[in-house]
Amino acid sequence: MSTTFQLDTSTSRANPTPQPMRRLTVPKIRERKQDGVTAEPLVMLTAYTARQAQLLDEHCDLLLVGDSLGQVIYGLPSTIPVTLEMMANHGAAVVRGSYHAVVVIDMPFGSYEGSPQQAFESAALLLKQTGAAAVKLEGGAAMAETVAFLNQRGIPVMGHVGLTPQAVNVLGGYAARGRSDSEADKIVADAKALDQAGAFAIVIEGVIEPIAIEVTKAVACPTIGIGASARCDGQVLVTEDMLGMFERVPRFVKRYEDIAGIIEKTVIRYAGEVRSRDFPGPEQTYQPKD
């Protein structure tokens, strides 16, 4: 029986355990859309750690090691400062913690825009160091040559159009895109260019719904919406946003739980028991043997 290294949740140590099922593949994700229709929408969430991957993996088709980790994990003001080293370290952890979902890693700002050759070197490094299946890069028609270059050399690519956070300084903020006719036309054209270049899926972020629907109809590969439309071929959210780890979240996020509130209540209980000397109790201490 094949094995994969998973974290043993009872000991927090890496041990070889039987692989419960075969991991999904990029072609299987691409094949979910047949003749313009995806019968079962694709489920995608971000993951940055091995334990988080374990909890999400069984329920997701794809796990995205997003450069959003810059803000979520490191407290950075944007995704711009994120490095290849950060992405490689977190990507490797997510691969180790998963066995089912296709793991996709964001290529950080400055690691691929210079040339297709630069993009290949960066993507190859990420896949070698992590074991992930694919990379994601932002940009439309301007990145089509790069997408084709990578795809032809064995590196699957997920595209990203609409609101592209790495271009926030050019866009001037995080407002929804596609409100003007010219911008809407560009988003559709960008998606078509990525599709024709060989992208196996395309994220549509922060785009007004009619344009997201138009893009989904216009491309053969699956689209994955975030702040787009339920009629996309799948959806993705930043897991911490969905779980309620932050007070402020974008409009397009649905908070399914208040995990931050649960953590705060738990810490208050712990702090109270420490200060009252109720913790540790007999169950958490070692006593002399009789």
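Above this note sits the structure.
Scope of this entry: the structure provided in the associated data block. Owing to the predicted nature of the structure, the values given are computational and were not obtained by experimental measurement. (Residues numbered from 1 in each chain as written. Predicted model: local features only at pLDDT ≥ 70, side-chain atom pairs only at ≥ 80, totals over all residues. Heavy atoms only, no water.)

## As for the packing of helix H5 (residues 116-130) against helix H6 (residues 144-152)
Point 1. Packing of H5 against H6 brings their axes to within 9 Å, and their N-to-C directions diverge by 50°. Overall, the two elements H5 and H6 adopt an arrangement that is oblique. You can see that H5 and H6 cross each other, and the crossing is right-handed. Side by side, H5 and H6 meet where Pro116, Gln117, Ala119, Phe120 and Ala123 of the first sit next to Glu145, Thr146, Phe149 and Leu150 of the second.
Point 2. Partitioning the contact of H5 with H6 into residue classes produces six nonpolar, two polar and one charged. (Axes fitted to C-alpha atoms, helices over the stretch in contact; angles between N-to-C directions. Helix = DSSP H or I, 4+ residues; strand = E, 2+ residues; numbered from the N terminus. Parallel < 35°, antiparallel > 145°, perpendicular 65-115°, else oblique. Left-handed = near helix turned anticlockwise from the far one by under 90°. Contact = heavy atoms within 4.5 Å. Nonpolar A, V, L, I, M, F, W, Y, C, P; charged D, E, K, R; others polar.)

## Re helix H11 (residues 259-275)
Point 1. Along its 17 residues, H11 runs 24 Å from first to last C-alpha, staying within 8% of the 24 Å computed at 1.5 Å per residue.
Point 2. One or two positions beyond H11, positive phi appears at arginine 277, with a value near 65°. (Expected span 1.5 Å × (residues − 1).)

## Regarding the pairing of strand S5 (residues 42-46)
Point 1. Of all the five residues making up S5, four are buried; the element is thus mostly covered by neighbouring parts of the structure.
Point 2. Summarising the sheet, S5 and strand S12 (residues 234-237) pair through four bridges and their orientation is parallel. For methionine 44, the partnering residue across the bridge sits in S12 and is valine 236.
Point 3. Looking at chain direction, S5 and strand S6 (residues 62-65) are connected through three bridges and run parallel. Following the sheet pairing, methionine 44 is matched in S6 by leucine 62.
Point 4. Where the polypeptide runs from S5 across helix H2 (residues 50-57) and back to S6, its parallel neighbour, the crossover connection is right-handed. (Buried < 20%, exposed > 50% of the residue type's maximum accessible area, 1.4 Å probe, protein only. Pairing = 2+ DSSP bridges. Right-handed = clockwise from strand over helix to strand, strands pointing away.)

## Some remarks on the sheet that holds S12
Point 1. Taken together, the eight strands give a closed barrel; going around it, the order is S5-S6-S7-S8-S9-S10-S11-S12, and neighbouring strands pair in parallel fashion. Each strand axis lies, on average, 25° off the axis of its neighbour in the sheet, ignoring direction.
Point 2. When strand S9 (residues 157-162) meets strand S10 (residues 201-205), the two strands line up parallel, connected through five bridges. Its bridge partner being in S10, glycine 159 is matched across the sheet by isoleucine 202.

## Some remarks on the packing of aromatic side chains
Point 1. With the rule as written, the count across this model stands at one aromatic pair.
Point 2. With 5.8 Å between their ring centres and 65° between their planes, tyrosine 270 and phenylalanine 279 make a pair best called edge-to-face.
Point 3. Above the face of the phenylalanine 149 ring, arginine 153 is positioned so that its terminal group lies 3.5 Å from the ring centre. (Phe/Tyr/Trp six-rings, centres within 6.5 Å; stacked < 30°, edge-to-face > 60°. Lys NZ or Arg CZ within 6 Å of the ring centre and 35° of its normal.)

## As for the side chain of aspartate 57
Point 1. In this fold, aspartate 57 is placed in helix H2.
Point 2. Here aspartate 57 sits buried without a salt bridge, and the closest side chain of opposite charge, arginine 23, lies 4.8 Å off (N-O distance).
Point 3. Those residues in contact with aspartate 57 that sit more than four places away from it in its chain are Leu63, Ser98, Tyr99, His100 and Ala101. (Lys, Arg positive; Asp, Glu negative; His and termini not counted. Salt bridge = Lys/Arg side-chain N within 4 Å of Asp/Glu carboxyl O.)

## Describing the environment of arginine 30
Point 1. You can see arginine 30 is positioned in helix H1 (residues 26-31).
Point 2. For arginine 30, a relative accessible area of 26% translates into the label partly exposed.
Point 3. For the pair arginine 30 and alanine 199, spaced 169 residues apart in sequence, the C-alpha separation works out to 9.2 Å.
Point 4. Discounting chain neighbours no more than four positions away, the residues touching arginine 30 are Phe200, Ala220, Cys221 and Pro222.

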